[in-house]
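Examining the three-dimensional arrangement
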Amino acid sequence: MQRRIFSLAATAAVFALTAGLAQAQTKWDLAAAYPATNFHSENMVQFANDIDKATGGKLKITVHSNASLFKAPEIKRAVQGGQAQAGEIIFANFQNEWQIYGADGLPFLADSYDESAKLYKAQKPLIEKKLAEQGMSLLYSVPWPPQGIYTKKPLSSAADLKGVKWRAYSPATSRIAELVGAQPVTVQAAELSQALATGVVESTMTSGATGVDSKLFEHLKYYYDMQAWLPKNAVLVNKKAFDALDKATQDAVLKAAADAEVRGVAASKRVNTDTLEKLKANGVQVLAPSAQLKADMKKVGDTMIKEWLEKAGPEGKTLLDAFNKS
Ligand code: PCA
């Protein structure tokens, strides 16, 4: 009898301890779309670790990379609905929902790291307001390296892209294909290697980073370094999940986010240089576009910016004015 009472007491003590821990610890899922070795994903893991450390383990965030929790286009809705407390999106994927999200996916509107930072500054207040209406907040945003064209065959002008099966990742990258007479097929990064291997696509416009992540060099031997735009990823949080944290934990999240943004931009720049070198080492010809190809793509960009402005209306004009003034 004595022993039984003792063991009951011990069980109760264990229960009390676990309950205490469960109360003190919050667990979040962060749905991400790119491979674990991608610089955005690595940065996100560090972001989660920083929060873990700063809160003494009170907030544990698990990063689910490579679209393992939700497919890229589903992540935004998952965060909005609270199926994931946090998630990483690429704004350009959501241009059809709201044109402002697509501004950094337009060719040659903001085509360098400096211009990208200026565009972000102009976009940010609008995006923060929209996300708040959607029950979310922006934690941080980091640009991909500049986008160029991968092909199987050399390109002297955009006419060489006619009829080519072109992998798109966003409405804007589909529109480019239409304007040059290529055949757009939307394939998110997590499925890109397979789409190339099975011949579903034979060209794409993306960064050196994704070229290395998805081993594009196994199929595509030319990379035209167009430096056409720098689309941004963003880490979003469900507002209710954030509001449920105590003030000190909220502050830790915001501090880690600010650090991740600065660190991410620096990583993007580094990765831009490194991955172009890796493409070369893997037999890709990394080339500057011919004057004709450049002029052709610039024309495509001009058309798309005009179309964008028509759809974006006064809000788009406000954004462009703010960007042009900066
Ligand atoms: N890589 C991502 C988006 C932009 C980029 O550089 C992709 O190709 O899906």
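Quick summary incoming for the structure in this document. (Residues numbered from 1 in each chain as written. Predicted model: local features only at pLDDT ≥ 70, side-chain atom pairs only at ≥ 80, totals over all residues. Heavy atoms only, no water.)

**A short note on the site of the ligand**
Residues in contact with the ligand, as listed here, are Tyr34, Ile90, Trp144, Gln147, Arg167, Tyr169, Ala189, Thr206, Ser207, Thr210 and Pro231. The separation between an oxygen atom of the ligand and a polar side-chain atom of Gln147 is 2.9 Å. The contact in question runs from an oxygen atom of the ligand to an N or O atom on the side chain of Thr206, over 2.7 Å. Protein contact buries 100% of the 260 Å² of open area that the ligand shows by itself. Classifying every residue of the shell around the ligand by side-chain character gives six nonpolar, four polar and one charged. (Near = heavy atom within 4 Å. Polar contact = N/O pair within 3.5 Å; in protein donor to acceptor, adjacent residues only side chain to side chain. Areas by Shrake-Rupley, 256 points an atom, 1.4 Å probe, with all protein chains shown as cover. Nonpolar A, V, L, I, M, F, W, Y, C, P; charged D, E, K, R; others polar.)

**What about the pattern of salt bridges?**
Per the stated rule, a full pass over the model turns up 17 salt bridges. Residue Asp104 is joined to Lys232 by a salt bridge in which the shortest nitrogen-to-oxygen separation is 2.9 Å. Of this pair, Asp104 sits in the loop between strand S3 (86-90) and helix H4 (113-133) while Lys232 sits in strand S10 (residues 232-238), and the two are 128 residues apart along the sequence. The residues Asp104 and Lys232 share a single accessibility class, namely buried. (Salt bridge = Lys/Arg side-chain N within 4 Å of Asp/Glu carboxyl O. Helix = DSSP H or I, 4+ residues; strand = E, 2+ residues; numbered from the N terminus. Buried < 20%, exposed > 50% of the residue type's maximum accessible area, 1.4 Å probe, protein only.)

**Remarks on the sheet that holds strand S1 (residues 26-31)**
Across the sheet, which stays open at both edges, the five strands sit in the order S2-S1-S3-S10-S4 with mixed pairing between neighbours. The two strands at the open ends of the sheet, each matched to only one other strand, are strand S2 (59-64) and strand S4 (136-143). Each strand axis lies, on average, 20 degrees off the axis of its neighbour in the sheet, ignoring direction. As defined by bridge partners, S4 adjoins S10 across seven bridges and the pair is classed as antiparallel. Bridge assignment links Ser137 to a residue of S10, and that residue is Val237. Contacting S2 and S4, helix H9 (residues 247-281) crosses the sheet at an angle of about 20 degrees to S4. (Pairing = 2+ DSSP bridges. Axes fitted to C-alpha atoms, helices over the stretch in contact; angles between N-to-C directions. Contact = heavy atoms within 4.5 Å.)

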